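Tertiary structure, described
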Amino acid sequence: MVARSTPQPPGRYSLLGLLAGDSYEAGLSRLAADRYGAPQLRGAVVPHGRMLRDLNVASSAAGGALASATELERVAAAVRPAVVLEQMGAQRIEISGVGDAAFPRFSGGTGGWLAEGEAAPSDNATIDSVTATPHCAAARLGLSRKVRNGAREDIEAAVLRELQQCVAAVLEAGFLVGSGSDDQPLGLINTPGIGTETFAGAVPTLAELVAMVEDYADADGDLAAARWLLNPSDLADLLKAQVDPNGGELIVEYADGAHRICGLPVVTTRHLTEGKHLLLDPSAVALVFFGGAQVVLDEYSNSKAISGAAEVCVFNFADVAVLRPAHIVLGSA
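Residues numbered from 1 in each chain as written. Predicted model: local features only at pLDDT ≥ 70, side-chain atom pairs only at ≥ 80, totals over all residues. Heavy atoms only, no water.

1. Some remarks on the overall build of the protein
- Check the secondary structure of the protein and you find ten helices and 15 strands.
- For the protein, buried positions account for 46% of its 333 residues.
- The contacts in the protein between residues at least 6 apart in sequence include a share of 72% that link residues at least 24 apart.
- Surface exposure of the protein reaches about 16,100 Å², of which carbon and sulfur atoms provide 51%. (Helix = DSSP H or I, 4+ residues; strand = E, 2+ residues; numbered from the N terminus. Buried < 20%, exposed > 50% of the residue type's maximum accessible area, 1.4 Å probe, protein only. Contact = heavy atoms within 4.5 Å. Areas by Shrake-Rupley, 256 points an atom, 1.4 Å probe, with all protein chains shown as cover.)

This is the structure we're talking about:
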């Protein structure tokens, strides 16, 4: 097991200390679980962004001096990292409680110009809701016996770095391409009501990409907020594509530090299925997390007790809520 050490003073919060059961980290874990809840308790709860904000504004008597925000943020960012949608501008929502969460969704609505004494037209707006359900995203990182026997301060940063990449990969894949079955969330590309365009070939033409922009704009999408999200391989194909086979102008431009298509910035992630091209307003998407991330050290499965190896397991209960489906357009062959 990870060697237990003397609890560090406030400001020295450590993931490995939490896994070892050190009293300081364990106390904050119990506080996070008791105050913010969890759909299922699978391991020790890591303080999340909402708890960090609460600690920063609390008085010392109320727990505000329990830990340095910097140390806590470093661990919290590793077990619940910002995925590509959040980096693009999607909202992260961290809620307490253990059940589903409903978010209002509006569509329609009318207005007009009135003569004196004329009644205002009735509002045809449709108000419904989109429900976020906690799905458990599990990520695992293996630790060899040699690594586990190293000094905690020497391996903590490396473990957090690798764990962050592992957790981000699991969450991104679910939010983008999740099937909605087998305990997966329903990813963006499978969400009913989003706009769609069909390409004639694997590599879209400029006209086909412009059609996606037109669909987005016709749905009253804000072009200033629009972003392309592509698989890196699809971006590479477009970087070689020309507007006109007989000309030299390329479909993809590079301006203001970003690749652009039709003047709109391009973001890439390998977790979007190759061949799927997304154009979206990131604010149309909410990433919903239930309670804090949980961690446990698996020291026994698959003969780990004999080899001395272990796996750090991270659990996040999360879902993706699409608030305005019409502001997401999917193009594919």
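2. Quick word on the pattern of salt bridges
- What the rule picks out here adds up to nine salt bridges.
- A salt bridge links E86 to R92; its shortest N-O distance comes to 3.1 Å.
- Notably, a salt bridge pairs E94 with R92, separated by 3.3 Å at the nearest N-O pair.
- Put simply, R80, E86, R92 and E94 are held in one network by salt bridges that share partners. (Salt bridge = Lys/Arg side-chain N within 4 Å of Asp/Glu carboxyl O.)

3. Re the nonpolar core
- Among the nonpolar cores identified, the biggest contains 56 residues, and L85, F175, L188, L229, L278, L280 and L287 are the most heavily contacted of them.
- Looking at which element gives the most residues to this core, the answer is helix α7 (residues 152-177), with eight residues.
- Non-local contacts of F175, meaning those with residues more than four positions away in its chain, are made with V83, L85, P185, G187, L188, L287, F289, A318, D319 and V320.
- If you look at the next biggest cluster of nonpolar residues, it comprises 18 residues, including F199, Y216, A226 and A241. (Core = buried A, V, L, I, M, F, W, Y, C linked by side-chain atoms within 4.5 Å.)

4. Re helix α8 (residues 206-218)
- The end-to-end C-alpha distance of α8, which contains 13 residues, comes to 18 Å, matching closely the 18 Å that a straight helix rising 1.5 Å per residue would cover.
- When α8 is considered as a whole, its buried residues turn out to be E208, L209, A211, M212, V213 and Y216.
- Note on α8: the residue one or two positions beyond its end, D220, has a positive phi of about 65 degrees. (Expected span 1.5 Å × (residues − 1).)

5. With respect to the environment of Y254
- Along the chain, Y254 turns up in strand β8 (residues 252-255).
- Relative accessible area serves as the criterion here: at 57%, Y254 is assigned to the exposed category.
- Taking the C-alpha atoms as reference, Y254 lies 9.1 Å from P265; in sequence the two are eleven residues apart.

6. A few points about the sheet that holds strand β9 (residues 258-261)
- The seven strands are arranged β6-β15-β11-β7-β10-β9-β8 in an open sheet whose pairing can be described as mixed. On the outer flanks of this sheet lie β6 (195-198) and β8, each paired with one strand and no other. Neighbour-to-neighbour, the strand axes of the sheet open up by a mean angle of 30 degrees, direction not taken into account.
- Inspection of the sheet shows β8 paired to β9 by four bridges, in the antiparallel sense. By the bridge assignment, A255 is partnered in β9 with A258. (Pairing = 2+ DSSP bridges. Axes fitted to C-alpha atoms, helices over the stretch in contact; angles between N-to-C directions.)

7. Section: the confidence of the model for the protein
- In this model, the protein carries an average pLDDT of 85, and 88% of its residues clear a pLDDT of 70 or more.
- Within the model, pLDDT remains below 50 along residues 1-9, and this stretch shows 21 contacts once partners closer than five positions in the same chain are excluded. (pLDDT = per-residue confidence, 0-100.)

8. What to know about helix α2 (residues 23-36)
- Taking 1.5 Å of rise per residue, the 14 residues of α2 would be expected to cover 20 Å, and the 20 Å separating its terminal C-alpha atoms lies within 8% of that figure.
- When we look at burial in α2, the residues that qualify are Y24, E25, A26, L28, S29, A32 and Y36.
- One or two residues past the end of α2 sits G37, with phi positive at roughly 70 degrees.

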